[in-house]
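# Per-entry structural report
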Amino acid sequence: MEPSIVSRRTVIASATAGVAALVTAGADAALAAPRAPDPAPFTVRMPVPRVLRPESTRGDTDLYVVTAKKARVEILPGTRTEVLTYAGMFPGPTLRVRAGRTAVVRHTNDLDMGTVVHVHGGCTPADSDGFPTDTLAPGRTRDYTYPNEQRAATLWYHDHAHHMEAEHVYRGLAGFYLVEDPAEAGLRLPDGDHDIPIMLRDARFDAKARLVFALDDFANRRTILANGKARPYFPVAARRYRLRFVNAANLRTFTLRLRHGGKTTEVAQIASDGGLLAAPAAVRSWRMTPGERVEVVVDFARFPVGSQVFLEDASGGQVLRFDVTRGGKDTSRVPDRLATLPALPKATGRRTFVLGYDRARRRFLINGRQFDDGRVDTEIKRGTTEIWTVTNDGSSSAIPHNFHPHLIQFRILDRNGRPPAPGEAGVKDTVSVGRGETVRLQATVGPYTGRYVLHCHMIDHASSGMMAQLRVVP
């Protein structure tokens, strides 16, 4: 393993001492080492993660097989970097599953630490949701069962082993999980080779092209990756494309836009975390905190063949270049109406969650507490609809957070008393909560019972205890 890794024992021993105590002597040495020079931009093609095919199909159930293992892959051109992978891929293979059809994913852990797999945004029984302390030991295999009884949506799967989730995701344990519904075909949105998932994240490399990890090291993670490559290019035809973005960074918020000839291009946002919006939203930029997803449709036919169109981040600069290389026949469209959003049942309860930071003890907290898997923080009856008020207590720090409950997808009622922007008006499972902000959510709990978690998905914060246990009871 790379010398900068933080061991589970060190993390657990240091968890209550805060972020600054979580770096081992090995990590200190790596942090002090020279950085890798920035690679020349747009010299490698962005790959599209391979779609994993079922090993077997029986009735309404598909079986997939995935092994978590180390691999050496080319991230920076001409070098090899050791990463943690699903199936030897960085990012991991994409699972395209059908709504209403069960997927069983047989995971084997070939690493030297325990792992837990969580499908982010999945409506999943508790025993397959990936509770942070329900780890799969090295050398063991287990089946995760996903009924996929939910709307079509861009989800993703990643490791969730508590105290190690931040490092495991940073080192590569993440991939797309796309729930599809045949009814979407009637909308004639771009599909097939014109439906492109793009996983964005940032990283820090030393002079030997090794990934350097330390909690809360956001300022030094300056290399932005698109599907595991640093500032790649991607050839497109002059036609519409559906681009599915997931922010898989530990801490970085992406504010993205498309630029051509020095001008920003308007695109159609068609979906957020939980699937299609009611109607497309014309946007000139879109913002994603860690864990959030946004889908847009871009019509590259508005650019002449030979054009270069840049995906830019407000703080990180150019991330990806689209090269319009050819003409293309296009029968796709973006209809004026996309979906009927689920009705909002009457709320019968209210709860408040305060995301805080104890500066004196350097601890991340929810409602004044750090995570304890032996303590139930919130108990809710299955089927209950509640209004949740989530506040970032910015009184002692300028630290941004976001909020992600497992099992539950919600609707944003308002942000600081104002209605949500069109891109946030759909079904969500992760929401940004900036310093001093308050968002109100309407959430229906279920359909499963058992123990789940809710946490900040700026995942370094979750690794440091910014998580609570949610128990759903009959």
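Everything here concerns the structure above.
In what follows, the accompanying structure is described.

About the criteria used
Residues numbered from 1 in each chain as written. Predicted model: local features only at pLDDT ≥ 70, side-chain atom pairs only at ≥ 80, totals over all residues. Heavy atoms only, no water. Salt bridge = Lys/Arg side-chain N within 4 Å of Asp/Glu carboxyl O. Helix = DSSP H or I, 4+ residues; strand = E, 2+ residues; numbered from the N terminus. Buried < 20%, exposed > 50% of the residue type's maximum accessible area, 1.4 Å probe, protein only. Contact = heavy atoms within 4.5 Å. Pairing = 2+ DSSP bridges. Axes fitted to C-alpha atoms, helices over the stretch in contact; angles between N-to-C directions. Phe/Tyr/Trp six-rings, centres within 6.5 Å; stacked < 30°, edge-to-face > 60°. Lys NZ or Arg CZ within 6 Å of the ring centre and 35° of its normal. Core = buried A, V, L, I, M, F, W, Y, C linked by side-chain atoms within 4.5 Å.

### Details of the pattern of salt bridges
Tallied over the entire structure, the rule returns 32 salt bridges. One salt bridge in this structure joins arginine 242 and glutamate 184, with 3.2 Å as the shortest N-O distance. Here glutamate 184 lies in the loop between strand E9 (174-180) and strand E10 (195-203) and arginine 242 lies in strand E14 (residues 240-247), a separation of 58 residues in the sequence. Across the pair, glutamate 184 and arginine 242 agree in class, each one buried. The partner of arginine 252 in a salt bridge is aspartate 202, with the nearest N and O atoms 2.8 Å apart. Note that arginine 252 is positioned in the loop between E14 and strand E15 (254-260) and aspartate 202 in strand E10, a separation of 50 residues in sequence. For the pair arginine 252 and aspartate 202, one class covers both residues: buried. Several salt bridges share partner residues, and in doing so they unite Arg96, Glu180, Glu184, Asp195, Arg242, Arg244 and Glu295 into one network.

### Let's talk about unusual backbone geometry
Cis peptide bonds are those with omega within 30 degrees of zero, and the linkage from phenylalanine 90 to proline 91 qualifies with -5°. Tracing the sequence through the fold places proline 91 in the loop between strand E3 (81-86) and strand E4 (95-98). Geometrically, the link from glycine 446 to proline 447 is a cis peptide bond, its omega value of 10° lying close to zero. In this fold, proline 447 is placed in the loop between strand E30 (438-444) and strand E31 (450-455). Despite not being glycine, arginine 362 has its phi angle at roughly 55°, a positive value. Note that arginine 362 resides in the loop between strand E23 (349-358) and strand E24 (363-366). Since its relative accessible area comes to 43%, arginine 362 is described here as partly exposed. For leucine 407, which is not a glycine, the phi torsion comes out positive at approximately 75°. Turning to its location among the elements, leucine 407 is positioned in the loop between strand E27 (401-405) and strand E28 (410-415). The buried category is assigned to leucine 407, whose relative accessible area is 6%.

### Brief notes about the side chain of glutamine 269
For glutamine 269, the location among the structural elements is in strand E17 (residues 267-272). The exposure class of glutamine 269 is buried, given its relative accessible area of 4%. Here glutamine 269 is in contact with Leu277, Ala279, Pro280, Ala281, Val283, Val294, Glu295, Val296 and Gly423, once residues within four sequence places are set aside.

### Concerning the sheet that holds E28
Taking strand neighbours across the sheet as the criterion, the five strands line up as E24-E23-E26-E30-E28 in an open arrangement whose pairing is mixed. This sheet does not close on itself; its edge strands, each paired only once, are E24 and E28. Taking each pair of neighbouring strands and ignoring which way they run, the sheet shows an average axis angle of 20°. One ladder, built from five bridges, connects E28 with E30; its direction is antiparallel.

### A look at the pairing of E14
In terms of residue burial, E14 counts as a mostly covered element, since seven of its eight residues are buried. Here E10 pairs with E14 via six bridges, running parallel. Its bridge partner being in E14, leucine 200 is matched across the sheet by asparagine 247.

### Details of the packing of aromatic side chains
Overall, the coordinates contain 14 aromatic pairs when judged by the stated rule. With a centroid separation of 6.2 Å and an interplanar angle of 80°, the aromatic rings of tryptophan 388 and phenylalanine 403 are classed as edge-to-face. Here the residue tryptophan 388 occupies a position in strand E26 (residues 385-392), and phenylalanine 403 occupies one in strand E27, the gap between them amounting to 15 residues. Counting every residue linked through ring pairs, the aromatic cluster contains Tyr241, Phe300, Phe303 and Phe322. In this structure, arginine 201 packs its charged tip against the face of tyrosine 170, placed 4.9 Å from the ring centre. Lying across the ring of phenylalanine 131, arginine 451 places its NZ or CZ 3.8 Å from the centre.

### Here's the deal with the sheet that holds strand E18 (residues 275-283)
What the seven strands build is an open sheet, ordered E12-E11-E10-E14-E20-E17-E18; its pairing is mixed. The open sheet terminates on both sides in strands that have one partner only, identified here as strand E12 (229-230) and E18. Taken together, the two bridges between strand E11 (residues 223-226) and E12 define a ladder with antiparallel strand orientation. In the sheet register, leucine 225 faces E12, and the bridge partner there is alanine 230.

### Let's talk about the nonpolar core
Within the largest apolar cluster, 34 residues are counted, with the highest numbers of intra-cluster contacts made by Ile198, Leu243, Phe245, Trp286, Phe300, Leu311 and Phe322. When near neighbours in sequence (up to four residues on either side) are disregarded, phenylalanine 300 contacts Val236, Ala237, Ala238, Arg239, Tyr241, Val309, Phe322 and Val324. In terms of nonpolar packing, the next biggest core, distinct from the first, is built from 32 residues, Ile380, Val433, Tyr452 and Met458 among them.

### Quick look at the pairing of strand E5 (residues 102-109)
Both faces of the sheet carry side chains from a regular strand, because those side chains alternate between them. Of all eight residues in E5, six are buried; the element is thus mostly enclosed. The pairing of strand E2 (residues 61-73) with E5 spans eight bridges and is classified as parallel. When the sheet's bridge partners are listed, tyrosine 64 is paired in E5 with valine 105. Two strands pair when backbone bridges link them, and E5 and strand E7 (residues 141-146) are joined in this way by six bridges, in the antiparallel orientation. Residue pairing in the sheet places alanine 103 in a bridge with tyrosine 146 of E7.

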